[in-house]
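Structural features, examined
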2 protein chains.
Amino acid sequence: MLHKIINLTVRDVRFPTSLEQHGSDAMHTDPDYSAAYVVLDTDSGLKGFGLTFTLGKGTEIVVCAIQSLAGLVVGKSLQEIVSNFRGFYRLLTSDGQMRWLGPEKGVIHLATAAVLNAVWDLWARAESKPLWKLLVDMDPKAVVSCIDFRYITDVLTEEEALDILMKAREDKQQREDQMLKEGYPAYNTSCAWLGYSDQQLKQLCTDALKDGWTKFKVKVGADLDDDIRRCRLIRQMIGPRNTLMIDANQRWDVAEAISWVSRLAEVKPLWIEEPTSPDDILGHAAISKALAPLGIGVATGEQCHNRVMFKQLLQVSALQFVQIDSCRLGSVNENLAVLLMAHKFKVPVCPHAGGVGLCELVQHLILFDYICVSANLSNRMCEYVDHLHEHFTSPVVIQNACYMPPKDPGYSCEMLESSVKKHQYPEGDVWKLQMKK
Amino acid sequence: MLHKIINLTVRDVRFPTSLEQHGSDAMHTDPDYSAAYVVLDTDSGLKGFGLTFTLGKGTEIVVCAIQSLAGLVVGKSLQEIVSNFRGFYRLLTSDGQMRWLGPEKGVIHLATAAVLNAVWDLWARAESKPLWKLLVDMDPKAVVSCIDFRYITDVLTEEEALDILMKAREDKQQREDQMLKEGYPAYNTSCAWLGYSDQQLKQLCTDALKDGWTKFKVKVGADLDDDIRRCRLIRQMIGPRNTLMIDANQRWDVAEAISWVSRLAEVKPLWIEEPTSPDDILGHAAISKALAPLGIGVATGEQCHNRVMFKQLLQVSALQFVQIDSCRLGSVNENLAVLLMAHKFKVPVCPHAGGVGLCELVQHLILFDYICVSANLSNRMCEYVDHLHEHFTSPVVIQNACYMPPKDPGYSCEMLESSVKKHQYPEGDVWKLQMKK
């Protein structure tokens, strides 16, 4: 079966999360978790579902960009695409006219992610496997053939990538069995959004501890005294043995980041996430160096826009935790490159998730990372946020604070049609209701 | 007069330059020079004109993004905006929902540039001055108040910026007089696009030499033997004393860039422009270091997406020529920050121009740079391409290979309404005709 793609539809789906301050942080005070949601139709009847995550306003721009990319996808068969996936990736990202709008960054790259996520979903469905299993079963040469090595060969060549994958074949089956049994360790960001009251924090933290969570992330960066109070509160709640991370969402300049985080060292955070501009590689390196004596690492990646940026963050030891994102980078293809570079530099990957659909998507990538690349769980964990999973046909399954490997075929980001209809912007019932208020 | 902005219109204007290979390079083989063209209407009747440059396909995405930003502009008065221009810049670039799409990069930043370019045009018209003169006459404190220093204070504080501007006040009038008399030196990129035949190259070069041009740029990067032949030809045509630059438009990885350019060292290029990914700060630094013994500098910037990236390029000596772009960065506001940082690091600014409207716009910025910041012409020149100027109401004036300071009020990017109508995509006559073919 060739599965010729005969149609691409994209819809603007928004959830009014800002009403209750879910997702609020120092830079994004009122996000409405949203998605540009793509469906690929094929002549065989099989469909592919993909999305990219957004924060509300501006989703219409990503939708427009996806429509502009559609012409490069519709008319091609799945077979044709995956038999030269590197070429297809290059086609989407390096069109002689369109690349001016990036290249490989911002709106156009978010759009690329949505389209490619749908293609990977389609491929996994065609093979009747969950995406992680499709990847795990792929020949290393086939995996490597999906990656565009342009601009990263000074750090990782195709041969080196292949070598990493070949070496990790040892005990692979054992790790797959372990994952199926135990799942991949997760941490919890649902307890401490910036807009939550102390009362809410306490209640959510108590509940999470009861549910077996041991790793917690707190949003900081708006007000130092407030941060100290909130972080002490959480540390008190979770005790000295559990893990605490803090996240500033790019609020500071370099010097401010160092002094602010130094003041929070008393609560012993494992990492400070996004201390400054996601573009500031050298800034992150300076912050890493200054905070190392305090035992605090730097984590970043959810707004790191492509493999060239990750390459440099790794080259100058600007981060101690690599936070890949399933919708910011060019889908699985580009994330594979980052997983392999992180492995080469011996930096653990701790994916960004949350939003809408990000947990569903990225769990596949981190399972592949453990089974086929890193073979290591030390200092590794995948973000989890307990929101909006009910809108997916195959929502994530968390057991004992671990992601259990998905079993349904595909990339887990098909949404319930009823949810899509209700939340389509601006015509869905949820938004018509908001506008009446 | 407050000049309240009551309407923003944006149009997709495209010129079919690909038909004759104008603008062709190693990565952009068939550009149709285009613009998302903005007009601001005010209650006083005064208008502001702005644009951002694109390469054809995808302009509709930028148009969509400008429409999404319009709500932040319409309803505000010019007075309100410029009395807190830093705040307004921050409003456009840091909206809690929209910034996810960048931040400050790609489509959303190109859209920001178009909108802010129109605001600056409006301001200059309101003051009945060409933009460069508005800037030159501004109090240094007022200039500095237009800049968002977020994420660059580790390299340039507001106080340092003010200090640079205060120091350059000496002999300012003399430099202004000099510019009005002699103009600002330019170099020529019209002769050697990659798609041109050797015959065309020779003819254009002969003509340009007759017109007094002494500095020439050649596109390279597609084929080494071809590059050697073309570069030798041009060097032979212009002789040993004139200046030759080469431009690879991001074609290479780091090692390839070094070996390829080393092979072209015999033609003594002043710089290699965009040897690799615009995001690869460390890559540019490695290339700079390797080519320095050959006397070849590295130039980049036309796709450097914001001040944070320029900051780092300067921090690690990754470039020897800073190529600001009037439409890639957040308009005058962000370019001011880059001019001041470049001055601090003693790196000359040689603006990117060409496309459509880029020469018209950037000449204002480089005049300000010379008169109020650098006070230096050594190793400095502004790109010039002889295309599409006839579509503007105040086209650039070149005399003896120099940009003569514009005299009309505004930022020089108002297009002839007849040109806009004819080239609007897809409904303009030019495109209706193409589609019939």
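- With an unreviewed UniProt entry as reference, chain A is termed Mitochondrial enolase superfamily member 1, source organism Kryptolebias marmoratus.
- As its UniProt record puts it under Sequence similarities (unreviewed entry), chain A is described as follows: "Belongs to the mandelate racemase/muconate lactonizing enzyme family. ENOSF1 subfamily."

**A closer look at the packing of aromatic side chains**
- By the definition in use, this model includes 28 aromatic pairs over all chains.
- Note on W271(B) and F321(B): the rings are 4.9 Å apart at their centroids and 50° apart in plane angle, and the pair reads as tilted. Placement of the pair is W271(B) in strand β7 (residues 271–273) and F321(B) in strand β9 (residues 321–322), with a sequence separation of 50 residues.
- The exposure class of F321(B) is buried, given its relative accessible area of 4%.
- Members of the aromatic cluster, connected to one another through ring pairs, are F85(A), F88(A), W120(A) and W123(A).
- Across from the ring centre of Y151(A), 5.8 Å away, lies the NZ or CZ of R150(A), which sits over that ring.
- In this arrangement the basic side chain of R14(B) is found over the ring face of Y425(B), its NZ or CZ atom lying 3.7 Å from the centre.

**Considering the relation of the copies chain A and chain B**
- Once chain A is rotated about the relating axis by 180° and shifted along it by 0.0 Å, it coincides with chain B to within an RMSD of 0.0 Å. Here the two chains are linked by the operation of a two-fold rotation axis. Minimal C-alpha separation from the rotation axis in chain A is found for G106(A), amounting to 2.4 Å.
- By residue overlap, the copies meet face to face through one surface: 100% of the interface positions of chain A are interface positions in chain B.

**Comments concerning the sheet that holds strand β1 (residues 5–14) of chain A**
Residue and element names in this part refer to chain A.
- Spatial strand order, β1-β2-β3: three strands in an open sheet with antiparallel pairing. Where the open sheet ends on each side, the last strands, each with one partner, are β1 and β3 (47–54). Strand-to-strand twist in this sheet, taken as the mean axis angle between neighbours without regard to direction, amounts to 15°.
- The pairing of strand β2 (residues 34–42) with β3 spans eight bridges and is antiparallel. Across the sheet, the residue bridging to S34 is T54, located in β3.

**Topic: the UniProt feature "domain: Mandelate racemase/muconate lactonizing enzyme C-terminal" (unreviewed entry) in chain A**
- In this numbering, the UniProt entry assigns the feature "domain: Mandelate racemase/muconate lactonizing enzyme C-terminal" (unreviewed entry) to residues 198–294 of chain A.
- Secondary structure across residues 198–294 of chain A comprises 51% helix and 13% strand; the distance between its end C-alpha atoms is 27 Å.

**Description of the packing of helix α1 (residues 59–70) of chain B against helix α4 (residues 106–126) of chain B**
All names here are of chain B.
- Between α1 and α4, the shortest axis-to-axis distance is 8 Å and the interhelical angle comes to 65°. Taken as a pair, α1 and α4 cross one another with a handedness that is right-handed. Contacts between α1 and α4 involve I61, V62, A65, I66 and L69 from the former and V107, I108, L110, A111, T112, A114 and V115 from the latter.
- Its residues placed into classes, the contact of α1 with α4 shows eleven nonpolar, one polar and no charged.

**Structural notes on the pattern of salt bridges**
Residues and elements named next belong to chain B.
- Taken as a whole, this structure holds 54 salt bridges over all chains when the rule is applied.
- Linking R90 and D148 is a salt bridge whose minimum nitrogen-to-oxygen distance equals 2.8 Å. Taken as a pair, R90 in helix α3 (residues 85–93) and D148 in the loop between α6 (140–144) and α7 (158–167) lie far apart in primary sequence, 58 residues in all.
- According to the relative accessible area criterion, R90 is partly exposed, its value standing at 28%.
- Assessed through its relative accessible area of 4%, D148 is described here as buried.
- Ionic pairing is found between E104 and R307, a salt bridge with its closest N-O pair at 2.5 Å. Separated by 203 residues along the polypeptide, E104 in the loop between α3 and α4 and R307 in helix α13 (residues 307–315) bring together distant segments of the chain. Comparing E104 with R307, the two get one shared label, buried.

**Topic: the sheet that holds strand β2 (residues 34–42) of chain B**
Residues and elements named next belong to chain B.
- Taken in spatial order, the three strands of this open sheet run β1-β2-β3, and their pairing is antiparallel. Unpaired on one side and paired on the other, β1 (5–14) and β3 (47–54) mark the two borders of the sheet. Each neighbouring strand pair of the sheet contributes to a mean axis angle of 15°, computed without reference to strand direction.

**Some remarks on the side chain of K219(B)**
Residue and element names in this part refer to chain B.
- Tracing the chain through its elements places K219 in strand β5 (residues 215–219).
- Since its relative accessible area comes to 5%, K219 is described here as buried.
- A distance of 2.7 Å separates a polar atom in the side chain of K219 from a polar atom in the side chain of D247.
- Excluding residues that lie within four positions of it along the chain, K219 makes contacts with S24, D25, T189, A192, W193, L194, D227, R230, D247 and N249.

**Let's talk about the environment of A26(A)**
Residue and element names in this part refer to chain A.
- Position of A26 among the secondary structure elements: in the loop between β1 and β2.
- A26 gets classed as buried once you look at its relative accessible area, which sits at 9%.
- C-alpha of A26 to C-alpha of V63: the two residues are 37 residues apart in sequence and 27 Å apart in space.
- Ignoring any residue separated from it by four or fewer positions in sequence, one finds A26 in contact with L194, V220, G221, A222, A248 and R251.

**A closer look at the pairing of β2(A)**
Residue and element names in this part refer to chain A.
- The buried count for β2 comes to nine of nine residues, which makes it a mostly enclosed element.
- In β2, alternate side chains face the same way, and those of S34, A36, V38, L40 and T42 on one face and A35, Y37, V39 and D41 on the other are all buried.
- Alignment of β1 against β2, held across nine bridges, turns out to be antiparallel. Its bridge partner being in β2, L8 is matched across the sheet by L40.

**Remarks on the side chain of K217(A)**
- By the element assignment, K217(A) lies in strand β5 (residues 215–219).
- Reaching out from K217(A), the side chain makes a polar contact with the side chain of Y187(A) at a distance of 2.9 Å.

**Looking at the packing of helix α1 (residues 59–70) of chain A against α1(B)**
- Taken N-terminus to C-terminus, the directions of α1(A) and α1(B) make an angle of 170°; their axes are 9 Å apart at the nearest point. Here α1(B) runs roughly antiparallel to α1(A), going by the angle between their axes. Along its contact with α1(A), which presents E60(A), I61(A), C64(A), A65(A) and S68(A), the element α1(B) presents E60(B), I61(B), C64(B), A65(B) and S68(B).
- A class-by-class count of the residues in the contact of α1(A) with α1(B) yields six nonpolar, two polar and two charged.

**Digging into α4(B)**
Residue and element names in this part refer to chain B.
- With 21 residues, α4 should reach 30 Å at 1.5 Å per residue; the first-to-last C-alpha distance of 30 Å fits that figure.
- Extensive coverage of α4 is indicated by the burial of 20 of its 21 residues.
- A positive backbone phi angle near 55° is found at S128, which sits one or two residues after α4.

**Some words on the interface of chain A and chain B**
- Of the residues lining the interface, 61 residues belong to chain A; the matching set on chain B comes to 61 residues.
- Each partner contributes to the roughly 5200 Å² buried at the junction of chain A and chain B, and carbon and sulfur atoms together form 55% of this total.
- Applying the counting rule to chain A against chain B returns six salt bridges.
- For K105(A), the salt bridge goes to D279(B), with nearest N and O atoms at 3.1 Å.
- In this assembly, chain A and chain B are joined by 40 residue pairs in polar contact (both at pLDDT 80 or more).
- Here the side of chain A that touches chain B takes six residues from α1(A), the largest share from any one element.

**Structural notes on the pairing of β5(A)**
- The element β5(A) is extensively covered by neighbouring structure, given that four of its five residues are classed as buried.
- Each parallel crossover has a hand, and for β5(A) linked through helix α10 (residues 224–238) of chain A to strand β6 (residues 243–247) of chain A it is right-handed.

**Looking at the environment of V39(A)**
All names here are of chain A.
- Along the chain, V39 falls in strand β2.
- For the pair formed by V39 and D148, sequence separation is 109 residues and the distance between their alpha carbons is 25 Å.
- Excluding anything up to four places from it in sequence, V39 contacts N7, L8, T9, R11, K47, G48 and F49.

**Regarding helix α7 (residues 158–167) of chain A**
Residue and element names in this part refer to chain A.
- Looking only at α7, the buried set comprises A161, I164 and L165. The buried residues of α7 occupy an angular sector of 95° when the element is viewed end-on, so they sit on one face. Exposed positions of α7 whose direction lies more than 90 degrees from the buried face are E159 and K167.
- The inward-facing, buried residues of α7 contact α6 (140–144), α14 (331–344) and α15 (358–374).

What counts, and where the lines are drawn
Residues numbered from 1 in each chain as written. Chains lettered and ligands numbered in written order. Predicted model: local features only at pLDDT ≥ 70, side-chain atom pairs only at ≥ 80, totals over all residues. Heavy atoms only, no water. UniProt positions renumbered as here; feature names shortened; annotations may be inferred. Phe/Tyr/Trp six-rings, centres within 6.5 Å; stacked < 30°, edge-to-face > 60°. Helix = DSSP H or I, 4+ residues; strand = E, 2+ residues; numbered from the N terminus. Buried < 20%, exposed > 50% of the residue type's maximum accessible area, 1.4 Å probe, protein only. Lys NZ or Arg CZ within 6 Å of the ring centre and 35° of its normal. Least-squares fit on C-alpha atoms with pLDDT ≥ 70 in both. Contact = heavy atoms within 4.5 Å. Pairing = 2+ DSSP bridges. Axes fitted to C-alpha atoms, helices over the stretch in contact; angles between N-to-C directions. Left-handed = near helix turned anticlockwise from the far one by under 90°. Nonpolar A, V, L, I, M, F, W, Y, C, P; charged D, E, K, R; others polar. Salt bridge = Lys/Arg side-chain N within 4 Å of Asp/Glu carboxyl O. Polar contact = N/O pair within 3.5 Å; in protein donor to acceptor, adjacent residues only side chain to side chain. Parallel < 35°, antiparallel > 145°, perpendicular 65-115°, else oblique. Expected span 1.5 Å × (residues − 1). Buried area = accessible area lost by both parts, 1.4 Å probe. Right-handed = clockwise from strand over helix to strand, strands pointing away. Arc of directions from axis to C-beta.

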